[in-house]
Amino acid sequence: KIISGGELSRFMLAYKNISNQQDQKDILIFDEIDAGISGSTGQMLATKLNAISKKSQVIAISHQPQIISIADANFVVSKKVEKDETQSILQQIEGTELENEVARLCGNGEISNTNLMLARELINYAKSIKGTQTEKNLLEAFAGESQARNKYTYFASKAKKEGYEQIAALFLKT
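Residues numbered from 1 in each chain as written. Predicted model: local features only at pLDDT ≥ 70, side-chain atom pairs only at ≥ 80, totals over all residues. Heavy atoms only, no water.

Turning next to helix α4 (residues 96-106). Buried within α4 we find Leu98, Glu101, Val102, Ala103 and Leu105. Against the buried residues of α4 lie α3 (65-70), β3 (74-82), β4 (85-93) and α5 (113-130). (Buried < 20%, exposed > 50% of the residue type's maximum accessible area, 1.4 Å probe, protein only. Helix = DSSP H or I, 4+ residues; strand = E, 2+ residues; numbered from the N terminus. Contact = heavy atoms within 4.5 Å.)

In structure tokens, the structure reads:
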């Protein structure tokens, strides 16, 4: 039987969520888990990924503004070709850059005033879902800064071991 892209996305999320409950994973990577979905289904997926991120580190490659809005950290991947050599560039975005990226994804790739208003609304809605403090802030408040640093160092070592050097460096920067 054939299933749609959206159904496959929801199936994979359910599968990873159930398997993670049975065998807790340190890092879960979702590569375009949002394929074939949009609107309220995208928001439900974002909320579910946020819930999963409370127990495991989640890395999601996404083009859904709802998912990007709810993330604790966002990165844009771009490619640069120089002398027949392609380089991938990973850049963290926040603040105005994040608003612009969410706005770009809300529309036709352009950043209009309407798309910016929608982007801000999505980001504010995501903050209301998550509360105002990120996991890092909670760790620092309740367990002390050294434990928060240890957790990010741990995730960095896991990422480095798997060959994700740029991601490891970002954890160490946090």
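Now that the structure has been shown, we can carry on.
Before going further, it helps to spend a moment on the packing of helix α2 (residues 39-52) against α5. Packed helix pairs are characterised by how far apart their axes lie and by the angle those axes make with each other. Viewed as axis vectors pointing N to C, α2 and α5 meet at an angle of 40°, and their least axial separation amounts to 11 Å. Taken together, the axis directions place α2 and α5 in an arrangement best described as oblique. Of the two possible hands of crossing, α2 and α5 adopt the one that is right-handed. In this structure, α2 uses Gln43, Thr47 and Asn50 to contact α5, whose residues at the interface are Leu122, Tyr125, Ile129 and Lys130. Within the contact of α2 with α5, the residues separate by chemical class into 3 nonpolar, 3 polar and 1 charged. (Axes fitted to C-alpha atoms, helices over the stretch in contact; angles between N-to-C directions. Parallel < 35°, antiparallel > 145°, perpendicular 65-115°, else oblique. Left-handed = near helix turned anticlockwise from the far one by under 90°. Nonpolar A, V, L, I, M, F, W, Y, C, P; charged D, E, K, R; others polar.)

Turning our attention to the confidence of the model for the chain. Mean pLDDT over the chain: 77, with 61% of residues reaching 70 or higher. No element of the chain has a lower mean pLDDT than helix α6 (residues 135-143), at 48, and none a higher one than α4, at 94. Long-range and interchain partners of residues 138-145, a stretch whose pLDDT sits below 50, account for 7 contacts in this model, where long-range means more than four residues apart. (pLDDT = per-residue confidence, 0-100.)

What follows covers the nonpolar core. If you look at the biggest cluster of nonpolar residues, it comprises 12 residues: Leu28, Phe30, Ile33, Ile37, Leu45, Ala46, Leu49, Ile52, Val58, Ile67, Ile70 and Ala126. Among the elements of the structure, β1 (27-31), α2 and α3 are those that each provide at least two residues to this core. For this core, the leading source of residues is α2, giving 4 residues. Judged by nonpolar contacts, the second largest core, of 10 residues, contains Ile68, Ile93, Val102 and Leu105. (Core = buried A, V, L, I, M, F, W, Y, C linked by side-chain atoms within 4.5 Å.)

On to α2, then. Compared with an ideal rise of 1.5 Å per residue, which puts 14 residues at 20 Å, α2 spans 20 Å between its outermost C-alpha atoms and is within 8% of the ideal. All of the buried residues in α2 are Gly42, Gln43, Leu45, Ala46, Leu49, Asn50 and Ile52. (Expected span 1.5 Å × (residues − 1).)

Time to look at the pattern of salt bridges. The final tally for this structure, using the stated rule, is 3 salt bridges. For Glu82, the salt bridge goes to Lys80, with nearest N and O atoms at 3.3 Å. The class for Lys80 is partly exposed, based on a relative accessible area of 36%. Residue Glu101 pairs with Arg104 through a salt bridge whose shortest N-O separation is 2.6 Å. Separated by 3 residues within a single helix, Glu101 and Arg104 lie in helix α4, roughly one turn from each other. (Salt bridge = Lys/Arg side-chain N within 4 Å of Asp/Glu carboxyl O.)

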